[in-house]
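A structural walkthrough
Chain residues, written in single-letter form:
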Amino acid sequence: MLRYLTAGESHGKCLMGIIEGFPANVPIDIEMVNTDLRRRQKGYGRGGRMEIEKDEIEILSGVRGGKTLGSPIAFRIANRDYENWERYMNPLEVDVEGRKVTKPRPGHGDLAGAIKYGFHDIRNVLERSSARETAVRTAIGSIAKQLLLIFGIAGVSHVTAIGGVSLREKIEDFERLKMAEQSSVHCVDPLVEQKMIQEIERAKSTGDSLGGVFEIHIKGAPVGLGSYVHWDRKLDARLAQGLMSIQGIKGIEVGWGFVGASLQGSQVHDEIFYNANTGYYRESNRAGGIEGGMSNGENIVLRCAMKPIPTLYKPLKSVDIETKEPFVASVERSDTCAVPSAAIVGEMVALTIIAEEFLKKFGGDSLEEIEERWKNYKSI
Ligand SMILES: Cc1cc2nc3c(=O)[nH]c(=O)nc-3n(C[C@H](O)[C@H](O)[C@H](O)COP(=O)(O)O)c2cc1C
Ligand SMILES: C=C(O[C@@H]1CC(C(=O)O)=C[C@@H](OP(=O)(O)O)[C@H]1O)C(=O)O
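Residues numbered from 1 in each chain as written. Chains lettered and ligands numbered in written order. Predicted model: local features only at pLDDT ≥ 70, side-chain atom pairs only at ≥ 80, totals over all residues.

So, the overall build of the protein chain
Heads up, the rule is: In this description a helix means any DSSP run of H or I spanning at least four residues, a strand means any run of E spanning at least two, and both kinds are numbered starting from the N terminus. Two things to know: the radius of gyration comes from C-alpha atoms, and the globule rule equals 2.2 Å times the number of residues to the power 0.38. Exposed residues have 12 or fewer other C-beta atoms within 10 Å of their own C-beta, buried residues have 20 or more, and partly exposed residues fall in between, where C-beta atoms are placed from the backbone.
The helix and strand tally for the protein chain stands at 13 helices and 17 strands. Taken against the 2.2 N^0.38 rule, which gives 21 Å for 380 residues, the C-alpha radius of gyration of the protein chain at 22 Å falls within 12% of a compact globule. Overall, the protein chain is about 75 × 50 × 40 Å in size when its C-alpha atoms are taken along their principal axes. Counting all 380 residues of the protein chain, 40% fall into the buried class.

Thoughts on the pairing of strand β2 (residues 14-20)
Just so we agree on the cut-off: Here a strand pair is declared whenever DSSP counts at least two bridges between the two strands.
Burial along β2 is one-sided: Leu15, Gly17 and Ile19 are buried, and none of Cys14, Met16, Ile18 and Glu20, which face the opposite way, are. For strand β1 (residues 3-7) and β2, the ladder comprises five bridges, and the chain directions are antiparallel. From the neighbouring strand, Ala7 faces β2, where its bridge partner is Met16. Where β1 hands over to β2, the hairpin turn is made up of six residues, of which Gly8 adopts a positive phi near 125°. One ladder, built from six bridges, connects β2 with strand β6 (residues 73-78); its direction is antiparallel. The partner of Gly17 across the bridge, within β6, is Phe75.

Description of the UniProt feature "binding site: NADP(+)" (unreviewed entry) in the protein chain
Put simply, the rule reads: UniProt positions are given in the numbering used here, feature names are shortened, and annotations may be inferred rather than shown by experiment. In this description, a residue-residue contact is defined by the distance between C-beta atoms placed from the backbone, which must lie within 7 Å.
Here, the residues flagged by UniProt with the feature "binding site: NADP(+)" (unreviewed entry) are Arg40 and Arg46. In this fold, Arg40 is placed in helix α1 (residues 30-41). For Arg40, a count of 26 C-beta atoms within 10 Å translates into the label buried. When residues no more than four places from it in sequence are discounted, the contact partners of Arg40 are Thr134, Ala135, Thr138, Ser341, Ile344 and Val345. By the element assignment, Arg46 lies in the loop between α1 and α2 (49-52). Beyond its immediate sequence surroundings of up to four residues, Arg46 is in contact with Asp335, Ala338 and Ser341.

A few points about the nonpolar core
We apply this condition: Any set of buried Ala, Val, Leu, Ile, Met, Phe, Trp, Tyr and Cys residues joined through C-beta atoms within 7 Å is what this text calls a nonpolar core.
In terms of nonpolar packing, the biggest core is built from 75 residues, with Ala139, Ile162, Leu302, Val339, Ala350 and Ile354 touching the most fellow members. Ranked by residues supplied to this core, first place goes to helix α12 (residues 339-362) with 14 residues. For Val339, the contacting residues outside a window of four places in its chain are Val159, Ile162, Gly211, Gly212, Phe214 and Met306. Formed by five residues, the second largest nonpolar core is a distinct cluster that contains Val101, Ala114, Ile122 and Val125.

Regarding the sheet that holds β6
Stated formally: In this analysis an axis means a line fitted to C-alpha atoms, helices contributing only their contacting stretch, and an angle means the value between N-to-C directions, from 0 to 180 degrees.
Spatial strand order, β1-β2-β6-β3: four strands in an open sheet with antiparallel pairing. Single-partner strands in this sheet number two, and they are β1 and β3 (57-61). If you compare each strand with its neighbour and ignore which way they point, the axes differ by 20° on average. The pairing of β3 with β6 spans four bridges and is classified as antiparallel. Paired with Ser61 across the two strands is Ala74, which belongs to β6. Each of β1, β2, β3 and β6 touches helix α6 (residues 134-150); the most contacted strand, β2, lies at about 35° to it.

Section: the site of ligand 1
Selection rule: Nearness here has a simple definition: the residue's C-beta atom, placed using the backbone, must lie within 6 Å of the molecule or strand. Residue polarity follows a fixed list, in which Ala, Val, Leu, Ile, Met, Phe, Trp, Tyr, Cys and Pro are nonpolar, Asp, Glu, Lys and Arg are charged, and the others, Gly among them, are polar.
Close to ligand 1 lie 21 residues, the nearest being Ala131, Gln247, Thr311, Asp335 and Ala338. Of the residues assigned to the shell around ligand 1, the class counts are seven nonpolar, 12 polar and two charged.

So, the site of ligand 2
Taken together, 13 residues lie near ligand 2, and Arg49, Ser130, Ala131, Arg132 and Arg333 sit nearest. Residues of the shell around ligand 2, tallied by class, amount to two nonpolar, five polar and six charged.

Quick look at the environment of Ser284
Within the secondary structure, Ser284 sits in the loop between β12 (279-282) and β13 (290-291). C-beta crowding within 10 Å serves as the criterion here: with 13 such atoms nearby, Ser284 is assigned to the partly exposed category. Each C-alpha atom of the pair Ser284 and Asp270 lies 5.5 Å from the other, and the pair is 14 residues apart in sequence.

Topic: the UniProt feature "binding site: FMN" (unreviewed entry) in the protein chain
Per the UniProt record, "binding site: FMN" (unreviewed entry) is found at Arg128, Ser129, Ser130, Gln247, Gly248, Gly292, Lys307, Pro308, Ile309, Pro310, Thr311 and Arg333. Their sequence span is 206 residues, while the largest C-alpha to C-alpha distance among them is 44.0 Å; these annotated residues do not converge on one region. One can find Ile309 in the loop between β15 (300-306) and β16 (317-319). Setting aside residues up to four positions removed in sequence, Ile309 forms contacts with Ser209, Ser334, Asp335, Thr336, Cys337 and Ala338. What Pro310 contacts, discounting residues up to four positions off in sequence, is Arg105, Pro106, Gly107 and His108.

Thoughts on the packing of α6 against α12
Counted only if it meets this: The cut-offs work like this: below 35 degrees is roughly parallel, past 145 is roughly antiparallel, 65 to 115 is roughly perpendicular, and the gaps in between are oblique. Less than a right angle of anticlockwise turn of the near helix away from the far helix marks a crossing as left-handed, whereas a clockwise turn marks it as right-handed.
Their axes nearest at 7 Å, the elements α6 and α12 cross at an angle of 50°. With respect to α12, the axis of α6 lies oblique. The interaxial crossing formed by α6 with α12 has left-handed handedness. Contacts between α6 and α12 involve Thr134, Arg137, Thr138, Ile140, Gly141, Ser142, Ala144, Lys145, Leu147 and Leu148 from the former and Ile344, Val345, Met348, Val349, Leu351, Thr352, Ile354, Ala355 and Phe358 from the latter. Split by residue class, the contact of α6 with α12 holds 12 nonpolar, five polar and two charged.

Right under this line is the structure:
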């Protein structure tokens, strides 16, 4: 079973990850991981922090000579900003009054987190509730992706809406979706991209923030990842949990999820056909590649809605937790819009879950064992 843990505070020394259950003999390309880390950092609408950080993975265990050993893969990603924060973030001794936060930001975990853990300094909450943690999940997804690519399973993401600007066209073509990589907002259409940039600029100039929508497409997943036999093994449920756990994500849709709800069955379900050479196939993919909690062999299509960033330069009303007096919320340095970055995180989180399910179905101790089981998997 593939599992992982992440650790690290946003302005602490570093972020860390441990992946356990990853098979042996899988070649790992560190440059590919660093490329995915850079993809996550980019995106129009990010704030000053991304100018400081240059995320790179340092593998500490579980990989030897470029191949996995089957032992836990431990790694770290340094926080360059730590040198500016050591005084406030040192694990042993800190300036407790400096950088203290007492005015919770509506929309962030500040108030609920402080009450839950009994903190009088919200910094103790925000350091870990911050989406800085998504750098680790991106690195884990990038390692998982390298296993999946060996079997022809690949993912892509693109942004379909930022604030009120959205891409009207539904794009299924995987190669075309990859064009999003060229865009500063991770959107395939250059005209929509321009409008999205203007929308971000407008929000920024008024001290406001924006959310949006992104899509993830995964091709090459075999029939039968996940299972219908138990609720916590359903692939759509597992993907929804993983994606919903990304900071700021508030809605998940599989295939035509919300659109389908207002249509009739005959307009939604994908008819089944058979070809003697290639087997079963569909002429449509409104199910988004998942039926009955299992992949059905079509592309997996997921859509995520991200709420606007909570930290506002034009802050909302809040209450000081020390004095209980009304105040406006604290202003931390912040992104205006992080939907393009969240799309990369979503892609990586989804690939991690696909890899977990792939290993449940085809897993073995080594790549060779998996290849054997993969080769022997037959359709009825
Ligand atoms: C890549 C990324 C960057 C983010 N950047 C910021 C930010 O700069 N400021 C902020 O207040 N929230 C930011 N967020 C969103 C918050 O982390 C998130 O809204 C918060 O943790 C509350 O969690 P929830 O929205 O899931 O309830 C970011 C989210 C992501 C995925
Ligand atoms: C550090 C990252 O994102 C951060 C996520 C975040 C938040 O509140 O979630 C707040 C900001 O942190 P800071 O106040 O240090 O600028 C973002 O920059 C990152 O994505 O690597």
